[in-house]
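# Descriptive analysis of the structure
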Amino acid sequence: MIFISPPFGNYISLPNCKSIKGSYTLNNRPGLFKQIYNTLYFDSSLHGWVNKIGLRNPGIDYAIQNYNHNTDIISIAILNHQDIPSFLRKIPDNTNLEINISCPNINKQLVDSNLQSFLNNKRQWCIIKCSPLIQQQQLDHFYNIGFRQFHFSNTLPVPNGGLSGPKLIPYTQNLSKNMKNKYNDVTIISGGGIQSWQDLVNYNFADHHSISTIFFSPIKLIPFFYKYYTK
C-alpha cells in the first residue's frame, strides 16, 4: 500500500492509499502557510527539499473533527510528557495513528517515551515514525513495549531544517533491513526519495511505502501511479 505523507497527505486522498495527516500537536500552532513560504526550498547541492515548518498545525481537535476512518491516519507530535493524558482523552480508541518522534525542523525534542498507552487492539494502525538517525537500541525498546509498525523515515537533519529526497534512501533501507532481519512480525513502511516506481521496488525490505515530494513533479507522478494501479 502507498501512504501519502504530510504535507500532501493533508490534502490528497487516492484510492487504495492511506493519507497521513499532520503532524498534529495538542494545541494550535499557527503560521503554517507563512512558514511554508519562508522556509521550503529545493537545495540543489543536497538534491532534495528542505523545510523548517516547525509543526505548524491547527491542533488535535481539528484533526479528529476532520478524520475519515477509511482513508486517514492521524500523525501526532507530542511536545511535552504532560500532554499524553490529554491526547489519550481526546483521541478515540479506534483512530489510526502515527506517532512522530522526530522532527528536525522544530527546536525541541519530541516525546519518545511512555508511548505504549496509545496501543490498543481497536487501532488497525499505531505507527512509530522514526528519524533516519535512530539507533537500534531505541527501536528495540519500541518493539519490547509492543509497537510493531515502523515508518522509516522522517527528514534528515541539516543546518536549515529537515531534508527530504534521495539522501534518505540509504538510511531508510538500512533501518528497514535491520528491523526485518531482527524481527519477523514487524510491519515496515519505507519512504524517502521515492521518485519513480524503481525507487519503490528498491526498498525491498518494506511492506508498504510512503511518498511525498514526488507530488512536486506531475511528470514523475503520473507514470508512478499508472504502475501502482495497473500492477
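Our structure's up above, just so we're on the same page.
## Points about unusual backbone geometry
The residue after Pro6, namely Pro7, is reached through a cis peptide bond having omega 5°. Here Pro7 lies in the loop between strand 1 (2-4) and strand 2 (17-24). Backbone torsion omega between Gly22 and Ser23 reads 0°, so that peptide bond is classified as cis. Structurally, Ser23 is set in strand 2. The phi dihedral of Asn16 falls on the positive side, at around 60°, and the residue is not glycine. Looking at the secondary structure, you find Asn16 in the loop between strand 1 and strand 2. Although it is not a glycine, Asn114 adopts a positive phi angle of roughly 55°. Counting through the fold element by element, Asn114 comes out in the loop between strand 6 (97-100) and strand 7 (126-130).

## Regarding the packing of helix 4 (residues 136-144) against helix 5 (residues 169-182)
One way to put it is that helix 4 packs onto helix 5 with a least axis distance of 12 Å and a crossing angle of 50°. In terms of orientation, helix 4 lies oblique with respect to helix 5. In the crossing of helix 4 with helix 5, the sense of the turn from one axis to the other is right-handed. Between helix 4, through Gln136, Leu139 and Asp140, and helix 5, the contact on the second element is made entirely by Leu175, Asn178, Met179 and Lys182. Of the residues that constitute the contact of helix 4 with helix 5, the class distribution is three nonpolar, two polar and two charged.

## Details of the side chain of Thr172
Tracing the backbone through its elements, the reader meets Thr172 in helix 5. A residue is classified by how much of its surface remains accessible, and Thr172, at 0% relative accessible area, is buried. At 3.1 Å, the side chain of Thr172 and the backbone oxygen of Gly191 are in polar contact.

## Brief notes about helix 5
Here helix 5 spans 20 Å end to end across 14 residues, near enough to the 20 Å set by a 1.5 Å rise per residue. Along helix 5, the residues classified as buried are Thr172, Gln173, Leu175, Ser176 and Met179. Seen along its axis, helix 5 keeps its buried residues to an arc of 165°; they face one direction. Residues Pro170 and Asn181 are exposed on helix 5 and point more than 90 degrees away from its buried face. Its buried side turned inward, helix 5 meets helix 4, strand 8 (149-152), strand 11 (187-191) and helix 6 (197-202).

## Concerning the pairing of strand 12 (residues 208-211)
Here strand 12 shows no split at all, with His208 and Ser210 on one side and His209 and Ile211 on the other all buried. Here three bridges tie strand 1 to strand 12, and the two strands are oriented parallel to one another. Note on strand 12: the bridge partner recorded for Phe3 is Ser210. Two elements, strand 11 and strand 12, share three bridges in a ladder whose sense is parallel. Paired with Gly191 across the strands is Ser210, a residue of strand 12. Handedness of the crossover is the feature at issue here: the chain leaves strand 11, passes through helix 6, returns alongside strand 12, and the resulting connection is right-handed.

## Observations regarding the pattern of salt bridges
For the structure shown, the criterion picks out five salt bridges. The salt bridge partner of Lys90 is Asp61, with a shortest N-O separation of 3.0 Å. Of the two residues, Lys90 is situated in helix 3 (residues 84-90) and Asp61 in helix 2 (residues 60-65); the sequence distance between them amounts to 29 residues. Of the charged contacts, one joins Lys180 and Asp207 as a salt bridge, the two residues approaching to 2.8 Å between their closest N and O atoms. Taken together, the residues Lys180 in helix 5 and Asp207 in the loop between helix 6 and strand 12 connect sequence positions 27 residues apart.

What counts and what doesn't
Residues numbered from 1 in each chain as written. Predicted model: local features only at pLDDT ≥ 70, side-chain atom pairs only at ≥ 80, totals over all residues. Heavy atoms only, no water. Helix = DSSP H or I, 4+ residues; strand = E, 2+ residues; numbered from the N terminus. Axes fitted to C-alpha atoms, helices over the stretch in contact; angles between N-to-C directions. Parallel < 35°, antiparallel > 145°, perpendicular 65-115°, else oblique. Left-handed = near helix turned anticlockwise from the far one by under 90°. Contact = heavy atoms within 4.5 Å. Nonpolar A, V, L, I, M, F, W, Y, C, P; charged D, E, K, R; others polar. Buried < 20%, exposed > 50% of the residue type's maximum accessible area, 1.4 Å probe, protein only. Polar contact = N/O pair within 3.5 Å; in protein donor to acceptor, adjacent residues only side chain to side chain. Expected span 1.5 Å × (residues − 1). Arc of directions from axis to C-beta. Pairing = 2+ DSSP bridges. Right-handed = clockwise from strand over helix to strand, strands pointing away. Salt bridge = Lys/Arg side-chain N within 4 Å of Asp/Glu carboxyl O.

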